[in-house]
Amino acid sequence: MSGHFRSQPPPTESQAFSKRPQFSGFMKPCRFEGEMQNLEVIKGKIPVELDGTFYRVMPDPHLPPRIENDAWFNGDGNIGAFRIKNGRCHFKQRYVRTEKLVREREAGCALMGGYRNKYTDAVAFKIRSTANTNIVYFNGRLLACKEDSPPYAIDPETLETIGLDDFDGQLPSLTFTAHPKLDPTTGEFICFGYEAKGDGTPDVCYFSIAPDGNFQDTVWLVAPVVAMIHDFAVTENWILFPMIPQTCDIDRMKAGGEHWQWNPDIPFYIGVIPRHGAKSSDVKWFRAPNAFPGHTANAYENADGNIVFDLPITPKNVFFWWPDKDGNAPDPESIASDFMRFTFDPRSSDLDLPKPEILLGEDCEFVRIDDRVATRPHSHTFLAIMDPKVGTNWPVMAPVMGGGHPPYNSFGHFDHQTKKVQKYSPGTMHLVQEPIFIPRSQDAPEGDGWLMGLINNYATMSSELHIVDTADFQKPCAIINLPIRLRAGLHGNWVDAQDIALSA
Ligand SMILES: [Fe+2]
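Where an unreviewed UniProt entry is consulted, the protein chain appears under the name Lignostilbene dioxygenase, with the organism given as Talaromyces pinophilus. What UniProt states about the protein chain under its Sequence similarities (unreviewed entry) heading is, verbatim, "Belongs to the carotenoid oxygenase family."

K.L.:
I'd like a description of the coordination of the iron ion, backed by residues and values.
P.N.:
Working reference: metal with six octahedral donors, ideal angles 90 or 180 degrees; metal with four tetrahedral donors, ideal angle 109.5 degrees. Bound to the iron ion are the protein donor atoms His-179 (NE2), His-230 (NE2), His-295 (NE2) and His-491 (NE2), situated 2.0 to 2.2 Å from the metal. Taken together, the 4 donor atoms surrounding the iron ion define angles of 92 to 166° at the centre, an arrangement classified as irregular. Binding-site remark: the iron ion is held by donors from one chain whose sequence spacing is H-x50-H-x64-H-x195-H. Pair noted here: His-179 is in the loop between strand 9 (161–164) and strand 10 (181–182) and His-491 is in the loop between strand 34 (478–481) and strand 35 (492–496), with a separation of 312 residues, a long-range link. For the pair shown, His-179 and His-491 are each scored as buried.

K.L.:
Explain the UniProt feature "binding site: Fe cation" (unreviewed entry) in the protein chain to me, and be specific about the residues and the numbers.
P.N.:
The UniProt record marks His-179, His-230, His-295 and His-491 with the feature "binding site: Fe cation" (unreviewed entry), using the residue numbering of this structure. Over a stretch of 313 residues, the named residues converge on one spot in the fold, their C-alpha atoms separated by at most 12.6 Å. Looking at the element boundaries, His-295 is found in the loop between strand 21 (292–293) and strand 22 (298–301). Setting aside its immediate chain neighbours within four residues, His-295 contacts His-179, His-230, Asp-231, Leu-311, Pro-312, Glu-365, Phe-366, Val-367 and His-491. Side chain to side chain, His-295 and His-179 meet in a polar contact 3.3 Å long. Classification of His-491 as buried rests on a relative accessible area of 3%. For His-491, the residues in contact, after removing those within four places along its chain, are Arg-56, Val-57, Thr-133, Asn-134, Ile-135, His-179, His-230, His-295, Phe-366 and Glu-434.

K.L.:
Now, about helix 2 (residues 99–107): what can you tell me, with residues and values included?
P.N.:
For helix 2, every residue scored as buried is listed here: Glu-99, Lys-100, Leu-101 and Glu-104. Residues of helix 2 that are buried sit in contact with strand 5 (88–95) and strand 8 (152–154). Where helix 2 ends, the next residue or the one after it, Gly-108, has phi of about 80°, a positive value.

K.L.:
Tell me what's going on with the nonpolar core, and back it up with residues and numbers.
P.N.:
Grouped together as the largest cluster of nonpolar side chains are 41 residues, with contacts concentrated most on Val-204, Ile-239, Phe-241, Met-243, Ile-273 and Trp-322. Counting only elements with at least two residues in this core, the list comes to strand 11 (189–194), strand 12 (203–209), strand 13 (215–222), strand 14 (227–228), strand 16 (238–242), strand 17 (244–248), strand 18 (260–262) and strand 19 (268–274). If you tally residues by element for this core, the top one is strand 11, at 3 residues. Setting aside its immediate chain neighbours within four residues, Ile-239 contacts Ile-190, Tyr-206, Phe-232, Ala-233, Val-234, Gly-271, Val-272, Ile-273 and Arg-275. Residues Leu-50, Ile-84, Ile-467 and Ile-484 belong to the second largest nonpolar core, which totals 24 residues.

K.L.:
Break down the environment of Gly-113 for me, with residues and values.
P.N.:
Positionally, Gly-113 belongs in the loop between helix 2 and strand 6 (134–138). Accessibility expressed as a relative area gives 4% for Gly-113, which makes it buried. As for Gly-113 and Lys-28, which are separated by 85 residues in sequence, their C-alpha atoms are 19 Å apart. Leaving out residues up to four positions away in the same chain, Gly-113 has contacts with Arg-66, Ile-67, Asn-74, Thr-120, Asp-121 and Arg-128.

K.L.:
Which residues make up the side chain of Asn-317, and what are the values?
P.N.:
Mapped onto the fold, Asn-317 is located in the loop between strand 23 (307–314) and strand 24 (338–344). With relative accessibility at 2%, the residue Asn-317 sits in the buried group. In contact with Asn-317, not counting residues within four places along its chain, are Gln-246, Trp-262, Phe-292, Trp-322, Pro-323, Pro-330 and Ile-335.

K.L.:
I'd like a description of the sheet that holds strand 11, backed by residues and values.
P.N.:
One open sheet holds the 4 strands; their spatial order is 10-11-12-13, and the pairing between them is antiparallel. Edge strands, defined here as strands with exactly one partner in the open sheet, are strand 10 and strand 13. Where strand 11 and strand 12 come together, 6 bridges link them in antiparallel fashion. Paired with Tyr-194 across the bridge in strand 12 is Val-204.

Reading guide: rules and limits
The residue numbering used here restarts from 1 in each chain and proceeds along that chain's sequence as written. Where totals are concerned, whole chains, interfaces and linings use all residues; where local detail is concerned, this predicted model gives features only for residues with pLDDT of at least 70, and gives and counts side-chain atom pairs only at 80 or more. Note that the side-chain values use all heavy atoms of the structure and ignore hydrogens as well as water. UniProt positions are given in the numbering used here, feature names are shortened, and annotations may be inferred rather than shown by experiment. Coordinating donors are taken to be N, O and S atoms lying within 2.8 Å of the metal, or within 3.2 Å when the metal is Na, K or Ca; because water is excluded from the atom set, some sites may appear incomplete. Just to be clear on the cut-offs, tetrahedral is four donors with all angles between 85 and 135 degrees, square planar is four donors and octahedral six with opposite donors over 155 degrees apart and all others between 65 and 115, and anything else goes down as irregular. Numbered from the N terminus, helices here are DSSP runs of H or I no shorter than four residues, and strands are runs of E no shorter than two. Burial classification: accessible surface area is computed with a 1.4 Å probe over protein chains only, and a residue below 20% of its type maximum counts as buried, one above 50% as exposed, and the rest as partly exposed. Whether two residues are in contact is decided by their heavy atoms: any pair within 4.5 Å suffices. Identification of polar contacts relies on pairs of N or O atoms within 3.5 Å, with a donor-acceptor requirement for protein atoms, meaning one able to donate a hydrogen and the other able to accept it, and with residues adjacent in sequence counted only if both atoms are side-chain atoms. Put simply, a nonpolar core is a bunch of buried Ala, Val, Leu, Ile, Met, Phe, Trp, Tyr and Cys residues held in one set by side-chain atoms that sit within 4.5 Å of each other. Any two strands are treated as partners once DSSP identifies two or more bridges connecting them.

If you want it as structure tokens, here you go:
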């Protein structure tokens, strides 16, 4: 036993997780670190063309949290890596060694308080990141991101934490988005931070990073409200910042309240700046009626120079656990997002956005595209969908589901030319996590390849990795079985072995 284990005092807090839905059933923290070679392939075959790693991250509290009813995505970032080569799959999982995790392991109990509220912590942290939202590869760095902090750099092979990454001292912002975008045409890494000068500040910092890692185009903006900017979008010439109407108030935080509160009285803002050579004063805050914007699929410019911007939107508060000032929140089962398209002129002085078009009127989220066309016109979108026709066995699943996260039971492939969606439904005792797309080859047509994503199997209470061929979308190409249960994750990405070899 090492010294710091011996130095831990006897526990005073409970060492059990609460019985809340977000810590129960399939959502009970996994807390596993380790590796398994040659996972079982229980159906089909893994395509031999696949040579790379699917990285994904889940919030996974390593200890019972200080806040008994803590939000499900305040858990510690636990990174899973599925290494696929020669038709075989090997798995590793390891927590990011954040300041939070390291200090709490030493103490033997949680020290960090509520979601993005430092005033509820037991000790002062330099960095409060849980590194639990996305795992992104750029320029030889695997970055574990959480939008309130700089990213942590992770070794792509061992998943060991290298350390907090400030891009060799170039990072201008205190925060760094969990959804940076890679422009496949220019190789630029496009990023931003919001609350970029600290909690409660309206400052947004946009910056792009050249393929060689050097920063360029840093622009500071001031937002009309201090609200969540979880994801964003990039076109060839414009940057878009959709704001979720969850607003921050420092006095509420100091009183021990939540960082976020739903505000139904403000518009849904989309901030727009030129991508190149912008000044702070160039920003325009376009407005639409109050709504909750989900993850962005993509944005691009059409032949008229107008912006086309696709994303799921709902008028309801998806983060129902952060209600409005009167405590009102929607019934979680009533929340559903349609896949929508805004088309608007970024040069216009009329800041009221035209009504968006409904591309797909089915409850969906976790939209992804073929990343080879990011920032340019796309014709295929992949999504997680809630399809009532699947016949999901809710009565049997309900006691073991846990909760807190939105449920989706199918992968979808939306063809923008035909406006039709194809669906892959793994079964009536299954829910899906975010799908990712892998092209069949570097020069394959857009959308031709495989969809990959984790499936929660509530009959076995374990996880499966499903691979679906976009040319034969109704049935799985391969089902890879895990003998463990991975709770709801947030995001992941495929990194081709060739890309890691090139930057090694
Ligand atoms: Fe996200």
